[in-house]
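Survey of secondary and tertiary structure
Listed below, chain by chain, are the residues.
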Amino acid sequence: MQRPPPACLQAGQYVSQETKKMESGVRLPAGPDGSVLFVQLTDLHLPEEAGALVAGVDTDHSLHKVLRSVADDLPRKPDFILATGDIADTGAASAYRRFRQSISAIEAPAFGLPGNHDLPAVLFDEWRGHVPEWIDTPAWRIVLLDTTLPGEDGGRLGPQRLAGLHRALDGAPDHALVVLHHHPVPVHSQWLDEYMLQDAEALFECIANRDQVRALLCGHVHQEQDGWYRSTSVGPWAPDATIRVLASPSTAFQFMPRTREYQLDAAGPAYRWLLLHPDGGLDTGVEYLAAGSGSS
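The text that follows walks through the structure, step by step, so that each part is easy to find. Everything numeric here is computed off the predicted structure, so don't read it as measured data. (Residues numbered from 1 in each chain as written. Predicted model: local features only at pLDDT ≥ 70, side-chain atom pairs only at ≥ 80, totals over all residues. Heavy atoms only, no water.)

The subject of this paragraph is the overall build of the chain. The number of helices and strands found in the chain is six helices and 14 strands. Out of the 296 residues belonging to the chain, those deemed buried represent 58%. Taken as a whole, the chain presents about 12,300 Å² of accessible surface, with 50% of it coming from carbon and sulfur. (Helix = DSSP H or I, 4+ residues; strand = E, 2+ residues; numbered from the N terminus. Buried < 20%, exposed > 50% of the residue type's maximum accessible area, 1.4 Å probe, protein only. Areas by Shrake-Rupley, 256 points an atom, 1.4 Å probe, with all protein chains shown as cover.)

So, in structure tokens, the structure goes:
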């Protein structure tokens, strides 16, 4: 059956109005066994001034606790750190500088992408060279997608960014992981799902016939999720298309799952580690730390 053009190549959809673009890709080596270990930090919500509370939490202190665990508790030093949005709570340049200073203690390359609380232009300026379109390793390409919309909490890709995803996957090695901030599948919290990725079906369509895509990884939801999902409209050319979707908790504070209205969970800060194997296997886990907003 002739496959129709993907939604990301069709006209008449939202076109990004961003003035700053993510940078081209970077290449990193794998570990001695060919695997790649990286840590996802997400929804850090660092304020303009260190020590200021966000949702009642000293988010700088929470970040320091997480980074100590990354340094002390993982079986090996991560090959890189990936921050998947909402690094700053209000987009302050000082927050990005503190983040850059804090993660330097890990002595691993660090990269990121913006979330709805970030100001992308400020992030790109303050973290120049660390916001690539993709990260290449010998067997994997990790594609980073900017889903932000100016002045909005929800996210959207639009045809330009989705076409960029197609180009990135065209040049990918054997396996690919697609990373974004906004969640592309519901988490069944009514208030939070109002701010998910608006054109998630177009994203699923764009990857429906891409056998090298092993999973989607996101933040935004301040809670853990790991499941297999199928788009409802990927079309008859991919009748069995499913994709693993991983959502991760915040390094700062968590949302109570499955609620109608905004409500915080008592769970402490957390991070996700991912181990990418050269044969396409993906192992992952989430590490939670004790809650508490004490000084760092």
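Summed over all chains, the structure comprises eight salt bridges. Here Arg76 and Asp79 are joined by a salt bridge, their closest N and O atoms 2.7 Å apart. Residue Arg76 is classed as partly exposed on the basis of its relative accessible area of 27%. As a salt-bridge pair, Arg244 and Asp226 come within 2.8 Å of each other at their nearest N and O atoms. Of the two residues, Arg244 is situated in strand β12 (residues 243-247) and Asp226 in strand β11 (residues 225-229); the sequence distance between them amounts to 18 residues. (Salt bridge = Lys/Arg side-chain N within 4 Å of Asp/Glu carboxyl O.)

Turning to unusual backbone geometry, a few remarks are in order. Residues other than glycine seldom take positive phi values, yet His45 does so here, at roughly 55°. Relative to the helices and strands, His45 resides in the loop between β2 (36-41) and β3 (53-54). Backbone geometry places Asp86, a non-glycine residue, at a positive phi of 55°. Relative to the elements of secondary structure, Asp86 occurs in the loop between β5 (80-84) and α2 (93-103).

One way to put it is that helix α1 (residues 59-73) packs onto α2 with a least axis distance of 11 Å and a crossing angle of 20°. Classed by the angle they form, the pair α1 and α2 counts as roughly parallel. Crossing geometry of α1 relative to α2 is assigned as right-handed. Packed against α1, whose contacting residues are Asp60, Leu63, His64 and Leu67, the element α2 presents Arg98, Phe99, Ser102 and Ile103 at the interface. Class assignment for the residues of the contact of α1 with α2 results in four nonpolar, two polar and two charged. (Axes fitted to C-alpha atoms, helices over the stretch in contact; angles between N-to-C directions. Parallel < 35°, antiparallel > 145°, perpendicular 65-115°, else oblique. Left-handed = near helix turned anticlockwise from the far one by under 90°. Contact = heavy atoms within 4.5 Å. Nonpolar A, V, L, I, M, F, W, Y, C, P; charged D, E, K, R; others polar.)

Attention now goes to the packing of aromatic side chains. Under the criterion given, the structure shown has seven aromatic pairs. Consider the rings of Phe38 and Phe80, whose centres lie 4.6 Å apart with planes at 10°: the pair is stacked. Highlighted residues: Phe38 in strand β2 and Phe80 in strand β5, separated in sequence by 42 residues. The positively charged end of Arg141 is found above the aromatic ring belonging to Trp134, 4.2 Å away from the centroid. (Phe/Tyr/Trp six-rings, centres within 6.5 Å; stacked < 30°, edge-to-face > 60°. Lys NZ or Arg CZ within 6 Å of the ring centre and 35° of its normal.)

Right, let's talk about the sheet that holds strand β8 (residues 140-144) for a bit. Backbone hydrogen bonds are what pair the strands of a sheet, in a parallel or an antiparallel way. In space, the seven strands of this open sheet follow the order β1-β7-β8-β9-β10-β12-β11, with mixed pairing throughout. Looking along the sheet, the strands with just one partner apiece sit at the ends: β1 (26-27) and β11. Two strands pair when backbone bridges link them, and strand β7 (residues 134-136) and β8 are joined in this way by three bridges, in the antiparallel orientation. Following the sheet pairing, Trp134 is matched in β8 by Val143. Where helix α4 (residues 158-170) meets the sheet, its contacts fall on β7, β8, β9 (175-179) and β10 (213-218), and the angle it forms with β8 comes to roughly 170°. (Pairing = 2+ DSSP bridges.)

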